[in-house]
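Below, each chain spelled out in residue letters.
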Amino acid sequence: MSTPKFVPEPLAPPEAAPDRALGDMPAPEFRRWTLETADWIADFIEHAGARPVLPSVKPGDVMKALPEKAPERGEDMGVVLIDFERLILPALTQWNHPGFMGYFATTASAPGILGEMLTAAVNSNGILWQTAPALTELELVVADWLWQLLRLPDQCFGMIHDTASTATFHAVVAARESLDDLAIRSRGMSGAPPLILYTSEQAHSSVDKAGIAAGIGHDNVRKIPVDDQFRMKPEALDAAISTDLLAQRRPFCVVATVGTTAATAVDPVPKIAEICRRRRLWLHVDAAYGGVAAIVPEMGHVLAGCDQADSLVVNPHKWLFTPLDLSVLYCRRPDILRRAFSLVPDYLSGTDDRQAVNLMEYGLPLGRRFRALKLWFVLRYFGREGIIANLREHLRLARTLADAIHNHPDFELLAPVVFSTVCFRFCPTRISESQLERLNRALLEKVNASGKFLLSHATLNGKLTLRVSIGNLRTTPGHVERLWELIRNKSRELTL
């Protein structure tokens, strides 16, 4: 496999370098480098698997290779691009690589990249409706399109953030603001009873961070036990709420998960929603990874009960072919969200037209990138049918791999395969648990050191667990077959 190359040209002597003190790059020069960069990107995508997934660098290597100070005089863009290829690219983990199957695999699809390029070019800032009318309205439209693709009922206010961590923080702050009697926005947390946030033992750490950042306090984030399939136990949630009420604490929010980080479990949202409704608690659902699967008709059940949530987050940059970063937060009570964050000084006052939505009033950021453009490109290019076909293939590949692992005497599955992530370990007979952990760590290191694949790990039921997450558009059945062959070969080497 070849790799793209920027072709160097002879450097002009310093005295002949153009004066870059005033103005931007001239249009002819920009056109030249745009075309060359576009060709490079096309080659890079076409040969996404040509480089090792993991770079062979040590901490500090990149910093040592770079000058300590910015240049005094402008440099030729050709030199800058060559240095990008020489110094930066080899030190990047290749998330676009078809063998990247760690964490949650993602894809920067070609239409998404085109949208990102145009976003940078138009440089729009969605502070107010009037600062970016198309940005604002397209964001509302694509959020609605995605809601419909997920086949959730009615309409729901949706807006775009960078990541699910940010979206979850906003949901927790909205839940806190919904406590009308406390007037936390004006008076702060001082004098309020301890507010309690509930989530699963398997929930993402962003829920903890949201509790910390919102002033709830980490000690007031309750971790609810899970069942043998790593799903939150509703009866344990209800009991924890009762205990806190008896202790004069104030339960206010529950975060359920559709696709937990380690095992991709789906919490029983319908039962959790019933508890929240009865207890008058805000329900936020973290469907950052698993939510997209509901676009596939036979997977619609994963969002059961989510129509009863007060807020929900889905990440198109995880499994919907959209380049980082793009996370959609839905909120059924946007008036509460706006009440929590709206602050409009005179210099930011806009039109009085009620049709104009000022997204700055619904969140912490003032400046807003035109993220909706790349999602619009992705949804239009692939369409519902194309999205379903690709997601189905990822689900099929994961189940094929899971069957192979299940049928091998020296391996075992450690969690149900709900989506396209497989959790397993190497488990030869007559080896102690402590030895098994060392063995699987060594297996993980050997697979990742190959440069052909990247896996990640987690701990489930006290067992070190290897994770294969399939979600890249460029991952084929051949890649999965070669991964399984590599895993078996490396495991044999470890036991010889």
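Calculation criteria
- Residues numbered from 1 in each chain as written.
- Predicted model: local features only at pLDDT ≥ 70, side-chain atom pairs only at ≥ 80, totals over all residues.
- Heavy atoms only, no water.
- Helix = DSSP H or I, 4+ residues; strand = E, 2+ residues; numbered from the N terminus.
- Expected span 1.5 Å × (residues − 1).
- Buried < 20%, exposed > 50% of the residue type's maximum accessible area, 1.4 Å probe, protein only.
- Contact = heavy atoms within 4.5 Å.
- Salt bridge = Lys/Arg side-chain N within 4 Å of Asp/Glu carboxyl O.
- Pairing = 2+ DSSP bridges.
- Axes fitted to C-alpha atoms, helices over the stretch in contact; angles between N-to-C directions.
- Phe/Tyr/Trp six-rings, centres within 6.5 Å; stacked < 30°, edge-to-face > 60°.
- Lys NZ or Arg CZ within 6 Å of the ring centre and 35° of its normal.
- pLDDT = per-residue confidence, 0-100.
- Parallel < 35°, antiparallel > 145°, perpendicular 65-115°, else oblique.
- Left-handed = near helix turned anticlockwise from the far one by under 90°.
- Nonpolar A, V, L, I, M, F, W, Y, C, P; charged D, E, K, R; others polar.

Peer 1: Is there a simple way to think about helix α5 (residues 133–149) in this case?
Peer 2: It helps to recall that an α-helix has 3.6 residues per turn; residues three or four apart then point in one direction. When the terminal C-alpha atoms of α5 are compared, their 24 Å separation across 17 residues agrees well with the 24 Å that a helix rising 1.5 Å per residue should span. Every buried residue belonging to α5 is among Leu135, Thr136, Leu138, Glu139, Val142, Ala143, Asp144, Leu146, Trp147 and Leu149, and all of these are buried. Where α5 is buried, its residues contact β1 (157–161), β6 (311–314), α11 (316–319), β7 (327–331) and α13 (372–406). Taken from the residues just after α5, arginine 151 is the one with a positive phi, measuring 60°.

Peer 1: Sorry if this is basic, but what is going on with the pattern of salt bridges here?
Peer 2: The final tally for this structure, using the stated rule, is 25 salt bridges. With a shortest N-O distance of 2.8 Å, arginine 392 and glutamate 298 are connected by a salt bridge. One end of the pair, arginine 392, is in helix α13; the other, glutamate 298, is in the loop between β5 (282–286) and β6, and 94 residues separate them in sequence. Assessed through its relative accessible area of 44%, glutamate 298 is described here as partly exposed. Between aspartate 325 and arginine 369 there is a salt bridge; the shortest N-O distance is 3.5 Å. Of this pair, aspartate 325 sits in the loop between α11 and β7 while arginine 369 sits in the loop between α12 (334–341) and α13; the two residues are 44 residues apart in sequence, bridging distant segments of the chain. Of the residues examined, aspartate 325 reaches a relative accessible area of 21% and is grouped as partly exposed. Note on arginine 369: relative accessible area 35%, which makes it partly exposed. Salt bridges here are not isolated pairs; linked through shared partners, they connect Glu116, Asp325, Arg369, Arg371 and Lys374.

Peer 1: In this structure, what is going on with unusual backbone geometry? I would like to understand it.
Peer 2: In terms of backbone geometry, most residues other than glycine have negative phi values and most peptide bonds are trans. In this model, leucine 324 is joined to aspartate 325 through a cis peptide bond whose omega is 0°. Of note in this structure, asparagine 123 is not a glycine but carries a positive phi near 50°. Within the secondary structure, asparagine 123 is located in the loop between α4 (110–122) and α5. Residue class for asparagine 123 comes out exposed when judged on its relative accessible area of 63%. Its identity as a non-glycine residue notwithstanding, threonine 264 has a phi of 55°, on the positive side. Its relative accessible area of 0% is what places threonine 264 among the buried residues.

Peer 1: For this particular structure, what's the right way to read the sheet that holds strand β2 (residues 195–200)?
Peer 2: Sheets are built from strands that pair by backbone hydrogen bonding, the pairs being arranged parallel or antiparallel. With mixed pairing, the 7 strands of this open sheet are ordered in space as β1-β7-β6-β5-β4-β2-β3. The open sheet terminates on both sides in strands that have one partner only, identified here as β1 and β3 (221–224). Going from strand to strand, the sheet's axes swing by 20° on average, the running direction of each strand aside. When β1 meets β7, the two strands line up antiparallel, connected through 5 bridges. Note that in β7 the partner of histidine 161 across the bridge is serine 327. Along the sheet, helix α9 (residues 234–246) makes contact with β2, β3 and β4 (250–257), crossing β2 at roughly 165°. Most of the contacts of helix α10 (residues 269–279) go to β5, to which it runs at about 160°, and overall it touches β4 and β5.

Peer 1: Even after reading the chapter, I still don't get the packing of aromatic side chains, so can you show me in this structure?
Peer 2: Any pair of aromatic rings gets described here by the distance separating the centres and the angle formed by the planes. A full pass over the atoms with the stated rule returns 17 aromatic pairs. Joined through ring pairs, the aromatic side chains of Phe104, Tyr289, Trp319 and Phe419 make up one cluster. The ring of tryptophan 33 carries the charged tip of arginine 32 above its face, separated from the ring centre by 3.9 Å. Between arginine 467 and the ring centre of phenylalanine 104, over which it is positioned, the NZ or CZ distance is 5.1 Å.

Peer 1: Is there a simple way to explain the confidence of the model for the protein in this structure?
Peer 2: Low pLDDT marks stretches whose predicted atomic positions should not be read closely. Per-residue pLDDT for the protein averages 94, and the proportion of residues at 70 or more is 96%. Taken together, the stretch residues 10–16 has pLDDT below 50 and engages in 2 contacts with residues farther than four places along the chain or on a different chain.

Peer 1: What exactly am I supposed to notice about the sheet that holds strand β9 (residues 421–426) here?
Peer 2: What the 4 strands build is an open sheet, ordered β8-β9-β11-β10; its pairing is antiparallel. Every other strand in the sheet has two partners, leaving β8 (411–413) and β10 (456–460) as the edge strands with one partner each. Adjacent strand axes in the sheet meet at a mean angle of 40° when their direction is disregarded. Judged from the 5 bridges that link them, β10 and strand β11 (residues 463–469) form a sheet pairing that is antiparallel. When the bridges of β11 are listed, leucine 460 appears paired with lysine 463. Packed on one face of the sheet, helix α15 (residues 477–495) meets β8, β9 and β11 and runs near 130° to β8.

Peer 1: How do you make sense of the packing of α9 against α10 when you look at a structure like this?
Peer 2: The angle between the axes and the distance between the axes are what describe a pair of packed helices. Interhelical geometry of α9 versus α10 gives an angle of 20° and a closest axis separation of 9 Å. The angle between α9 and α10 places the two elements in the roughly parallel class. The two elements α9 and α10 meet at a crossing, and its hand is right-handed. When α9 is examined against α10, the residues Pro234, Leu237, Asp238, Ile241, Ser242 and Leu245 are found in contact with a partner set consisting of Lys271, Ile272, Ile275, Arg278 and Arg279. For the contact of α9 with α10, the residue count by class is 6 nonpolar, 1 polar and 4 charged.

Peer 1: Honestly, the pairing of β6 in this entry has me stumped. Any pointers?
Peer 2: Each regular strand displays side chains that alternate between the two surfaces of the sheet. Residues Ser311 and Val313 line one face of β6 and the alternating positions Leu312 and Val314 line the opposite face, and both faces are buried. Of the pairings in the sheet, the one linking β5 to β6 comprises 3 bridges and is parallel in character. Bridging across to β6, histidine 284 finds its partner in serine 311. Both β6 and β7 contribute to a ladder of 4 bridges, which runs antiparallel. Its bridge partner lying in β7, valine 314 is registered against valine 328.

Peer 1: So what exactly am I meant to see when it comes to the pairing of β4 here?
Peer 2: Extensive coverage of β4 is indicated by the burial of 7 of its 8 residues. Here β2 runs beside β4; their pairing, made up of 5 bridges, is parallel. Looking at β4, one finds that tyrosine 198 is bridged to valine 254. By the bridge criterion, 5 bridges tie β4 to β5 in an arrangement that is parallel.

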